[in-house]
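Fold and geometry: a report
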Amino acid sequence: MDLEQIRASIANVDRQIVKLLNERARISLDVAAAKRQNSNKESAGGEAGDIYVPSQEKRVFSRVKGLNCGPMSDESIVAIYREIMSASISLQPEITISYLGPLGTFSHEAAQARFGESVSYVPCSTIDDVISSVEDEKSAYGVVPIENSTHGIVVQTLDVFIARYQQSKFRIRGEIYLPVNQCLLSRYQLSAIRKVYSHPQAFGQSKEWLKQNLPDISQVEVASTAKAAELASAETYSAAVASKSCSQLYGLDILAEAINSNKDNTTRFFILGKSCDKPTGDDKSFLMITVDHRQPGALIKALEAFALNNINMTSMNSRPSGQRMWQYMFFVEVEGHEEDANVKSALKMMAPYCLDLVVLGSYPRQLVA
Ligand SMILES: O=C(O)C(=O)C[C@]1(C(=O)O)C=C[C@@H](O)C=C1
């Protein structure tokens, strides 16, 4: 076949694609206008005017995967639609996403994986600042790490939830799962390194490799893996455990890749906003509770409400409540949405046993970034 002729066919398809993309973008602007109108009549049951709607995105992904008959893979179709929806979101005035920075953190990668390249990103230096920027409406959404498959819960995030919950106006709107590979980055050779910087989570995930390859080298904990890369780029004979993207951002060589012990290492992030999505039939909810520790069995009685309402509990963590000595705040994640009848009934049943009972949010279950 003639090469020029084939290219002309591609050009013809491109013309149609661009026309259709713009037609879709115009319709998404109509959706945005309808949401604004509906949110004004919320008392009449209208859908809130949120721009990012994880439940609708989930429906779009499953619809386009259903329509796909190859040769493109489902992953490619989903990645393209991720960008198409990101572009729809970016048509809205000044959509900003804040994340736990600086540039190049895994929170940054997670935010980009979910919101694509078309929106603006703002790094914040603490988890508290991410939440403030959402609450003060400086950004529409915020992305914070919540747990890692190897190293467990991110206690810093839970502690900020505790410190803020009494006056908090943020809600958990979505979740992101990001595969995470840690790298050793430095301007020096392995044998010259005298100090390694990283976040405690990244040290935990790479513990075995560091023990084997850099025994007796001091490990300095800092606020983020990207901060570690920044420090390692400025200091002699130092290195950082950080993401591959930090090597370019901070001018460091990659001395070793995927040094995390668990090769399926994955971090889960929460997307914070000012409201929750509607129930989809496949949601999870994240709760904070305290019980009166002097009342024997209070915790078990509170949690029994989930079993009695046929609700699966998927995780539980505790942190000091910060209110009284030896009093704990329990973080419980359950299947279901706070608007589901069985979740409502469980919350009502457990209330008498709880001193605090806060639903931080309900969000559609997500399996991939
Ligand atoms: O359906 C919506 O609510 C839209 O805003 C449209 C759309 C899309 O482009 O399909 C855009 C962003 C949302 O996160 C979900 C879907």
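Residues numbered from 1 in each chain as written. Predicted model: local features only at pLDDT ≥ 70, side-chain atom pairs only at ≥ 80, totals over all residues. Heavy atoms only, no water.

Going by an unreviewed UniProt entry, the protein carries the name Prephenate dehydratase and comes from Spiromyces aspiralis.

1. Some words on the overall build of the protein
Helix and strand counts for the protein stand at 12 helices and 15 strands. A compact globule built from 369 residues would reach a C-alpha radius of gyration of about 21 Å, and the protein, at 23 Å, matches this within 12%. The buried share among the 369 residues of the protein stands at 46%. Taking the intrachain contacts of the protein between residues at least 6 apart in sequence as the baseline, contacts between residues at least 24 apart amount to 76%. Accessible area for the protein stands at about 18600 Å²; split by element, carbon and sulfur atoms hold 53% of it. For the protein, the distance from the average position of its 38 positive side-chain charges to the average position of its 42 negative side-chain charges is 2 Å. (Helix = DSSP H or I, 4+ residues; strand = E, 2+ residues; numbered from the N terminus. Rg over C-alpha atoms; globule rule 2.2 N^0.38 Å. Buried < 20%, exposed > 50% of the residue type's maximum accessible area, 1.4 Å probe, protein only. Contact = heavy atoms within 4.5 Å. Areas by Shrake-Rupley, 256 points an atom, 1.4 Å probe, with all protein chains shown as cover. Lys, Arg positive; Asp, Glu negative; His and termini not counted. Charge placed at Lys NZ, Arg CZ, Asp CG, Glu CD.)

2. Remarks on helix α9 (residues 225–234)
Taken together, the buried positions of α9 are T225, A226, A228, A229 and A232. When α9 is viewed along its axis, its buried side chains cluster within an angular range of 155° and face the same direction. (Arc of directions from axis to C-beta.)

3. Some words on the nonpolar core
Counting residues in each nonpolar core, the largest one holds 22 residues, and the members touching the most others are F161, F270, F286, M288 and F331. Sorting elements by how many residues they give to this core places helix α6 (residues 155–164) first, with 4 residues. (Core = buried A, V, L, I, M, F, W, Y, C linked by side-chain atoms within 4.5 Å.)

4. Observations concerning the pairing of strand β9 (residues 238–242)
Among the 5 residues that make up β9, 5 are buried, leaving the element largely enclosed by the rest of the structure. Across 4 bridges, strand β6 (residues 183–186) lies against β9 in antiparallel orientation. Counterpart to L184 in the pairing with β9 is V241. Bridge count for strand β7 (residues 195–198) against β9 is 3 bridges, and the pairing is parallel. By the bridge assignment for β9, Y197 is matched with A240. (Pairing = 2+ DSSP bridges.)

5. Observations regarding the packing of aromatic side chains
Applying the stated criterion across every chain, the model contains 9 aromatic pairs. Plain terms: the ring middles of F115 and Y141 are 5.9 Å apart, the flat faces sit at 10° to each other, and that makes the pair stacked. Of this pair, F115 sits in helix α4 (residues 106–115) while Y141 is found in strand β3 (residues 141–148), placing the two residues 26 residues apart along the sequence. (Phe/Tyr/Trp six-rings, centres within 6.5 Å; stacked < 30°, edge-to-face > 60°.)

6. What about empty space enclosed by the protein?
Scanning the entire structure with this criterion turns up 1 cavity of 30 Å³ or more. Considering only enclosed or pocket space, the largest cavity measures out at about 230 Å³ in volume. If you go around the largest cavity, you meet 18 residues; those closest to its centre are F106, P145, H199, Q201 and T225. Of all the elements in the fold, those that place two or more residues in the lining of the largest cavity are α4, β3, α7 (200–205) and β11 (266–273). (1 Å grid on protein atoms, 1.4 Å probe; cavity = no way out; pocket = protein on both sides within 12 Å on 5 of 7 lines; lining within 4 Å. Points joined across faces, edges and corners; volume = space filled by probe spheres on them.)

7. Here we look at the environment of I146
Structurally, I146 is set in strand β3. With 21 residues separating them along the chain, I146 and Q167 place their C-alpha atoms 21 Å apart. Ignoring sequence-local partners within four residues, the contact set of I146 consists of I153, V154, T157, L158, F161, R268, F269, F270 and F286.

8. Focus on the sheet that holds strand β14 (residues 328–335)
Here we have 4 strands laid out as an open sheet, ordered β13-β14-β12-β15, and antiparallel in their pairing. Each of the sheet's edge strands pairs with one partner strand only, and the pair in question is β13 (313–320) and β15 (354–364). With direction set aside, neighbouring strand axes in the sheet form an average angle of 15°. As paired strands, strand β12 (residues 283–291) and β15 are joined by 9 bridges and run antiparallel to one another. Across the sheet, V291 pairs through a bridge with C354, a residue of β15. Across the sheet, α6 lies against β12, β13, β14 and β15, angled at about 75° from β13, the strand it touches most. (Axes fitted to C-alpha atoms, helices over the stretch in contact; angles between N-to-C directions.)

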